[in-house]
Amino acid sequence: MKVGDLVMVRLKTKHGRRTLVPGLIVACLQKDKPPTFEILVNGVEHSLTHRDIGPFMLLKKKED
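The text that follows walks through the structure, step by step, so that each part is easy to find. (Residues numbered from 1 in each chain as written. Predicted model: local features only at pLDDT ≥ 70, side-chain atom pairs only at ≥ 80, totals over all residues. Heavy atoms only, no water.)

Here's the deal with the side chain of Thr36
Here is step 1 of the chain: With respect to the helices, strands and loops of the structure, Thr36 is situated in strand 3 (residues 36-41).
Here is step 2 of the chain: Overall, the relative accessible area of 14% leaves Thr36 in the buried class.
Here is step 3 of the chain: In contact with Thr36, other than residues within four places in its own chain, are Cys28, Leu29, Gln30, Leu48 and Thr49. (Helix = DSSP H or I, 4+ residues; strand = E, 2+ residues; numbered from the N terminus. Buried < 20%, exposed > 50% of the residue type's maximum accessible area, 1.4 Å probe, protein only. Contact = heavy atoms within 4.5 Å.)

Concerning the nonpolar core
Here is step 1 of the chain: Ranked by size, the top nonpolar core spans ten residues in total: Val7, Val9, Leu11, Val21, Ile25, Phe37, Ile39, Val41, Leu48 and Ile53.
Here is step 2 of the chain: Elements supplying a minimum of two residues to this core: strand 1 (6-12), strand 2 (18-30) and strand 3.
Here is step 3 of the chain: Aside from chain neighbours lying at most four places away, what touches Val9 is Thr19, Leu20, Val21, Gly23, Ile39, Val41, Leu48, Asp52 and Ile53. (Core = buried A, V, L, I, M, F, W, Y, C linked by side-chain atoms within 4.5 Å.)

With respect to the environment of Phe37
Here is step 1 of the chain: Tracing the backbone shows Phe37 in strand 3.
Here is step 2 of the chain: What makes Phe37 buried here is its relative accessible area of 7%.
Here is step 3 of the chain: Residues Phe37 and Leu48, spaced eleven residues apart in sequence, show a C-alpha to C-alpha distance of 5.5 Å.
Here is step 4 of the chain: Once you skip the residues sitting within four places of it in the chain, Phe37 turns out to touch Met1, Ile25, Ala27, Cys28, Leu29, His46, Ser47, Leu48, His50 and Ile53.

Describing unusual backbone geometry
Here is step 1 of the chain: The amide bond that connects Lys33 to the next residue, Pro34, takes the cis arrangement and shows omega of -25 degrees.
Here is step 2 of the chain: Considering the arrangement of structural elements, one finds Pro34 in the loop between strand 2 and strand 3.
Here is step 3 of the chain: Non-glycine residue Lys33 carries a positive phi angle of around 50 degrees.
Here is step 4 of the chain: Counting through the fold element by element, Lys33 comes out in the loop between strand 2 and strand 3.
Here is step 5 of the chain: Backbone geometry places Asn42, a non-glycine residue, at a positive phi of 50 degrees.
Here is step 6 of the chain: Locating Asn42 in the fold gives a position in the loop between strand 3 and strand 4 (44-49).

Let's talk about a nonpolar patch on the surface
Here is step 1 of the chain: The grouping of Leu6, Leu24, Val26, Leu40, Phe56 and Met57 at the surface amounts to a nonpolar patch, some 480 Å² of accessible area in total.
Here is step 2 of the chain: Take Met57: it is sitting in the segment after strand 5 (53-55). (Patch = residues over 30% accessible without salt bridge, like charges linked within 9 Å, V, L, I, M, F, W, Y side chains within 5 Å. Areas by Shrake-Rupley, 256 points an atom, 1.4 Å probe, with all protein chains shown as cover. Salt bridge = Lys/Arg side-chain N within 4 Å of Asp/Glu carboxyl O.)

And the structure:
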């Protein structure tokens, strides 16, 4: 993943649950051990590892 990619982000909610929301990678903070990115979600920047982000097409339904 690189700066400018649109990704799905797994964020914790107030009740300890996790929700998937779209986000934009704005910076790569660390390239390895673990890869860490600065991601913009709803106007707020979050520092997340590669484990909490995935490709944007993650929720896209397959067309028949």
